[in-house]
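Here is what each chain is made of, one letter per residue.
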Amino acid sequence: MVLGWKQPDMTGGAEITGYYVNYREVIGGVPGKWREANIKAVSDAAYKISNLKENTVYQFQVSAMNIAGLGAPSAVSECFKCEEWTIAVPGPPHSLKISEVRKNSLVLQWKPPVYSGRTPVTGYFVDLKEASAKDDQWRGLNEAAIGNKYLRVQGLKEGVSYVFRVRAINQAGVGKPSDLAGPVVAETRPEMKRLLALSQEHKFPTVPTKSELAVEILEKGQVRFWMQAEKLSGNAKVNYIFNEKEIFEGPKYKMHIDRNSGVIEMFMEKLQDEDEGTYTFQIQDGKATGHSTLVLIGDVYKKLQKEAEFQRQEWIRKQGPHFAEYLSWEVTGECNVLLKCKVANIKKETHIVWYKDEREISVDEKHDFKDGICTLLITEFSKKDAGFYEVILKDDRGKDKSRLKLVDEAFQELMTEVCRKIALSATDLKIQSTAEGIRLYSFVTYYLDDLKVNWSHNGTGIKYTDRVKSGVTGEQIWLQINEPTPNDKGKYVMELFDGKTGHQKTVDLSGQDRARVLGGLPDVVTIQEGKALNLTCNVWGDPTPEVSWLKNEKPLASDDHCSLKFEAGKTAYFTISGVSTADSGKYGLVVKNKYGSETSDFTVSVFIPEEEARKGPSEPQKSSQKSK
């Protein structure tokens, strides 16, 4: 359950530093013993109490604390039943605070609802009415929801008492309004009347401005407040005001006025928590006056403070060797992983060391990288390469480090990209005749188990048997079909799934229409030097296949020594009139038409009788086909 309350009317003369919440069960109308809900004081005027019993009735009380100690507890609350809140819209904002009160403006701050509803809070609406007005007199101050948790309210009537409320909105709609803030009277404090001199505006001219008060972060993390007037005389004076008090030149603030350009500046070395609030530049130039105000509170201030500190640390870091670009990765065209970073302000004595899981793996001593890019190449990346990688730069001027997490989701993201590049490297499917049947295959740069391989035939996933098998040998991904039948005709698809996307390669086994080798070629030919080698092979295909020959994976052309012929569209002849040892090697017959291609390989081994004789007696040489 979420409990909310208001700050005590009597704070004991000191600021409230926190609250303690107690609760008790009420069973059958009888209260039980008080229990502590929070051991550590909470700063907000709202608290979420956990570990309660569903459908049980509870009462609550709250005690406030300041520097003097713990105050008396509040009155006991009503009885509340602990039931699940299923409302889709947000709960009410809380801890409304009013500050920077003037005769016609003020600043309203609040904190977001503890319960955001079914979806996150996307903005807020602020309403106001005169304190004495009826509830039907509420009016909205903003037509569109605002993302900030504060609003500078303007256009108030001097001397009038107002109350305010805030409502939160999410995708489901607008939630219930907050408790009221106020009443507060729109009036300027006497001290501020002197500083702002607003009462003179109806009698004397105003100082026109080119730019209202703004803030920016400088390179070293310094904070610059500035505005620009249209023009300033040599007698122009400026009062600098922070949270209704005038501030002056000193160690914390540096002020400057350029009367020629009209630029008014104030510089701060860094932003502390106590610097959150409202800043005003008040100009007095003769009888003319002017002012500009900037509100820096809540998330806006925290973001500015964080950015200033980041820039300050960045400036300190860049005084020594540092990273211009932190560690990142890319997958190369060869499917390797390249870790890289860009370094700057390096000298010969700078140590550059790579680590994996806090163990040194490489030292860059030469500093011969191009354009400041320092790299580490990881070949055939796999699960063993998961871990935390770090590069440290160090010399007498300072130290900088960059870390790259390659575990869990980050590792999987990289592995998916590696698998994608491997899948894209796959060659087109080829068909090879083997002694057992037909093999479909493709080559990749290298294979990983993370790359999932699926084969389908005519749109249906293949069920693997002793006759139809798939596998990976080295970089070759294959599907083996032994003793093919007419049912094996059709379209085959190899899909490589990288973890997100499937990449496909297809081939069509169109039965007897596809070019294929019917038979006649041996697996191995062993022949004596000087003998003639004559091979004949039958091929088939419609249309008539194109025939070509390979030796050691390179095209082989017909010449006087090696005669290659193809006759009647169905018979291929391979003839060498007198073989020599140079003819030894791996040969292939390639047949191809528009429906597909096929390669039949055979090996020729030429021996010299004298060498065989010197080797002594041995088993007779065997071959699949004798030479003619």
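So, how was this worked out
Once a new chain begins, its residue numbering starts again from 1 and follows that chain's sequence as written. Only residues with pLDDT of at least 70 are given local features in this predicted model, and only at 80 or more are side-chain atom pairs given and counted; all residues enter the totals for whole chains, interfaces and linings. For side-chain calculations, the full set of non-hydrogen atoms in the structure is used, while hydrogens and water are omitted. UniProt positions are given in the numbering used here, feature names are shortened, and annotations may be inferred rather than shown by experiment. Helix and strand definitions here come from DSSP, where helices need a minimum of 4 consecutive H or I residues and strands a minimum of 2 consecutive E residues; each element is numbered from the N-terminal end. Expected helix span is computed as 1.5 Å times (number of residues minus one). Only protein chains enter the accessibility calculation, which uses a 1.4 Å probe; a residue whose area is less than 20% of its type maximum is buried, one above 50% is exposed, and one in between is partly exposed. What pLDDT reports is the predictor's confidence in each residue, on a scale of 0 through 100. Contacts between residues were defined by any pair of non-hydrogen atoms, one from each residue, lying within 4.5 Å. Pairing of aromatic side chains requires ring centres within 6.5 Å, counting the rings of Phe and Tyr and the six-membered ring of Trp. Pairs whose planes differ by under 30 degrees are stacked, by over 60 edge-to-face, and all others tilted. We count a charge as sitting over a ring when the NZ of a lysine or the CZ of an arginine lies within 6 Å of the ring centre and within 35 degrees of the ring normal. Following DSSP output, two strands are said to pair if at least two bridges run between them. In this analysis an axis means a line fitted to C-alpha atoms, helices contributing only their contacting stretch, and an angle means the value between N-to-C directions, from 0 to 180 degrees.

A word on the UniProt feature "domain: Fibronectin type-III" (unreviewed entry) in the protein. This chain's UniProt record puts "domain: Fibronectin type-III" (unreviewed entry) on residues 1-85 and 92-191. Within the segment residues 1-85, helix and strand shares are 0% and 40% respectively, and the terminal C-alpha atoms sit 9 Å apart.

The first and last C-alpha atoms of helix α2 (residues 298-317) sit 29 Å apart over 20 residues, in line with the 28 Å expected at 1.5 Å per residue. Among all positions in α2, only Tyr-301, Leu-304, Gln-305, Ala-308, Glu-314 and Arg-317 are buried.

Moving on to the confidence of the model for the protein. For the protein, per-residue confidence averages 87 on the pLDDT scale, and residues scoring 70 or more make up 93% of the total. Contacts from residues 197-202, a stretch scored under 50 in pLDDT, to residues over four places away or in other chains number seven contacts. Here residues 618-628 scores under 50 on pLDDT; set against residues more than four positions off or in separate chains, the count is 20 contacts.

By the definition in use, this model includes 17 aromatic pairs. Grouped by ring-pair contacts, the aromatic residues Tyr-23, Tyr-58, Phe-60 and Phe-80 constitute a single cluster. Just above the ring of Trp-138 sits the side chain of Lys-129; from NZ or CZ to the centre is 5.5 Å. Sitting above the plane of the Trp-478 ring, Arg-439 keeps its charged end 4.3 Å from the centroid.

What follows covers the sheet that holds strand β22 (residues 263-268). The strand order across the open sheet formed by four strands is β17-β18-β22-β21, and the pairing between neighbours is antiparallel. The open sheet terminates on both sides in strands that have one partner only, identified here as β17 (209-217) and β21 (254-258). Taking the axes of each pair of neighbouring strands and ignoring which way they run, one obtains an average angle of 10° across the sheet. By the bridge criterion, six bridges tie β17 to strand β18 (residues 223-229) in an arrangement that is antiparallel. When the bridges of β18 are listed, Thr-209 appears paired with Ala-229. The sheet contacts of α2 involve β17 and β18, and relative to β17 the element is tilted by about 60°.

Glancing now at unusual backbone geometry. What is expected of a backbone is that most residues other than glycine have negative phi and most peptide bonds are trans. Put simply, Gly-182 and Pro-183 share a cis peptide bond, and its omega is 5°. On the secondary structure map, Pro-183 appears in strand β16 (residues 181-185). If you check the backbone angles, Asn-458 has positive phi at about 55° while not being a glycine. Among the structural elements, Asn-458 can be located in the loop between β34 (452-457) and β35 (460-461).

Across the sheet, which stays open at both edges, the three strands sit in the order β25-β26-β29 with antiparallel pairing between neighbours. Looking at which strands have only one partner, the edges of the open sheet turn out to be β25 (322-331) and β29 (373-378). Each adjacent strand pair in this sheet contributes to an overall mean axis angle of 15°, direction not counted. Across seven bridges, the pairing between β25 and strand β26 (residues 337-344) is antiparallel. Note on β26: the bridge partner recorded for Trp-329 is Leu-339. Running over the sheet, helix α3 (residues 408-424) touches β25 and β26 and is turned about 50° from β25.

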